[in-house]
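# Descriptive structure summary
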Amino acid sequence: QARATPDSVAVAFGETSLTYRELDRLSGQLAEHLRLLGVGPDDLVGLCVPRSSDMVVGLLGILKAGGAYVPLDPGHPGERLERILADSEAKVLVTNSPLLETLPPFRGAVVRLDAERKALSRNRGEFSDPGVSSGNLAYVIYTSGSTGKPKGVMVPHRGLVNYLTWC
């Protein structure tokens, strides 16, 4: 879509909008950075940002890098987020600076979309094919489970495509 209609609005949230060209560039720059951090197929990347254009940039950037995203709701209790991060063994956490102060300690690499925007913009956003197939993970979503403890459900790319086809 970025090639077909680069100047059309791809994401609009509040006062902010991104064209397909901008979304492709920003998510590509993040993907390049994540690849440099070692993210590849089936590597889990936590994504903790509020609903915003940054959420879409983060999600697409993780997928373009070949990784699988683990959505982390910033409104959830810290204990739940801590359990999810520990259980998923996420390699990287993508977030924003204000949220980082409220999140539980994280041992992996942290990418702050707001504070690192200038550094990320130095990436060309061009990268090689990460080698993802339909069987590789697209995301892992955590449910409460019958015990109340978060349980991860792994969704491969083929499952995501099937879901989107039926929407």
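Here the structure is shown first, and the text comes after it.
Described in the following lines is the structure provided in the data block.

### Points about the overall build of the protein chain
For the protein chain, the helix and strand inventory stands at six helices and eight strands. The C-alpha atoms of the protein chain give a radius of gyration of 16 Å, which matches the 15 Å a tight globule of 167 residues would have. The principal-axis extent of the C-alpha atoms belonging to the protein chain is close to 50 × 35 × 30 Å. Just so you have it, the protein chain exposes about 9500 Å², and 52% of that area is on carbon and sulfur atoms. Charge-centre separation for the protein chain: the mean point of 18 positive side chains lies 2 Å from the mean point of 18 negative side chains.

### A few points about the environment of Leu30
Tracing the chain through its elements places Leu30 in helix H1 (residues 20–36). A relative accessible area of 0% means that Leu30 is categorised as buried. Taking the C-alpha atoms as reference, Leu30 lies 8.1 Å from Ala65; in sequence the two are 35 residues apart.

### Thoughts on the pairing of strand S7 (residues 137–143)
When you tally the buried positions in S7, you get five out of seven residues, the bulk of the element. With six bridges joining them, S7 and strand S8 (residues 151–156) adopt antiparallel strand pairing. What sits directly across from Thr143, in S8, is Lys151.

### As for the packing of aromatic side chains
One pass over the structure, following the stated rule, counts one aromatic pair. Where Tyr69 meets Tyr139, the ring centres are 5.2 Å apart and the plane angle is 20 degrees; that geometry is what we call stacked. With Tyr69 in strand S4 (residues 68–71) and Tyr139 in strand S7, this pair connects stretches of sequence that are 70 residues apart. Each member of the pair, Tyr69 as well as Tyr139, is classed as buried.

### A look at helix H3 (residues 78–88)
By the burial criterion, the buried members of H3 are Arg80, Leu81, Ile84, Leu85 and Ser88. Projection of H3 onto a plane perpendicular to its axis shows the buried side chains occupying an angular sector of 130 degrees, all on one side. Exposed residues on H3 whose side chains face more than 90 degrees from its buried face are Glu79 and Ala86. Buried residues belonging to H3 abut strand S3 (44–48), S4, strand S5 (92–95) and S7. Phi turns positive, to about 55 degrees, at Glu89, one or two residues after H3.

### A few points about the pattern of salt bridges
Taken as a whole and assessed by the stated rule, the structure comprises six salt bridges. Residue Asp54 pairs with Arg117 through a salt bridge whose shortest N-O separation is 3.4 Å. Remark: Arg117 occurs in helix H5 (residues 117–121) and Asp54 occurs in helix H2 (residues 53–65); sequence separation between them is 63 residues. Its relative accessible area of 13% is what places Asp54 among the buried residues.

### Structural notes on unusual backbone geometry
The residue Asp42 is not glycine, and still its phi comes out positive at about 70 degrees. Taking the relative accessible area as the measure of exposure, Asp42 reaches 36% and is therefore partly exposed. The backbone of Glu89 sits at a positive phi, close to 55 degrees, despite the residue not being glycine. With respect to the helices, strands and loops of the structure, Glu89 is situated in the loop between H3 and S5.

Analysis parameters
- Residues numbered from 1 in each chain as written.
- Predicted model: local features only at pLDDT ≥ 70, side-chain atom pairs only at ≥ 80, totals over all residues.
- Heavy atoms only, no water.
- Helix = DSSP H or I, 4+ residues; strand = E, 2+ residues; numbered from the N terminus.
- Rg over C-alpha atoms; globule rule 2.2 N^0.38 Å.
- Areas by Shrake-Rupley, 256 points an atom, 1.4 Å probe, with all protein chains shown as cover.
- Lys, Arg positive; Asp, Glu negative; His and termini not counted.
- Charge placed at Lys NZ, Arg CZ, Asp CG, Glu CD.
- Buried < 20%, exposed > 50% of the residue type's maximum accessible area, 1.4 Å probe, protein only.
- Pairing = 2+ DSSP bridges.
- Phe/Tyr/Trp six-rings, centres within 6.5 Å; stacked < 30°, edge-to-face > 60°.
- Arc of directions from axis to C-beta.
- Contact = heavy atoms within 4.5 Å.
- Salt bridge = Lys/Arg side-chain N within 4 Å of Asp/Glu carboxyl O.

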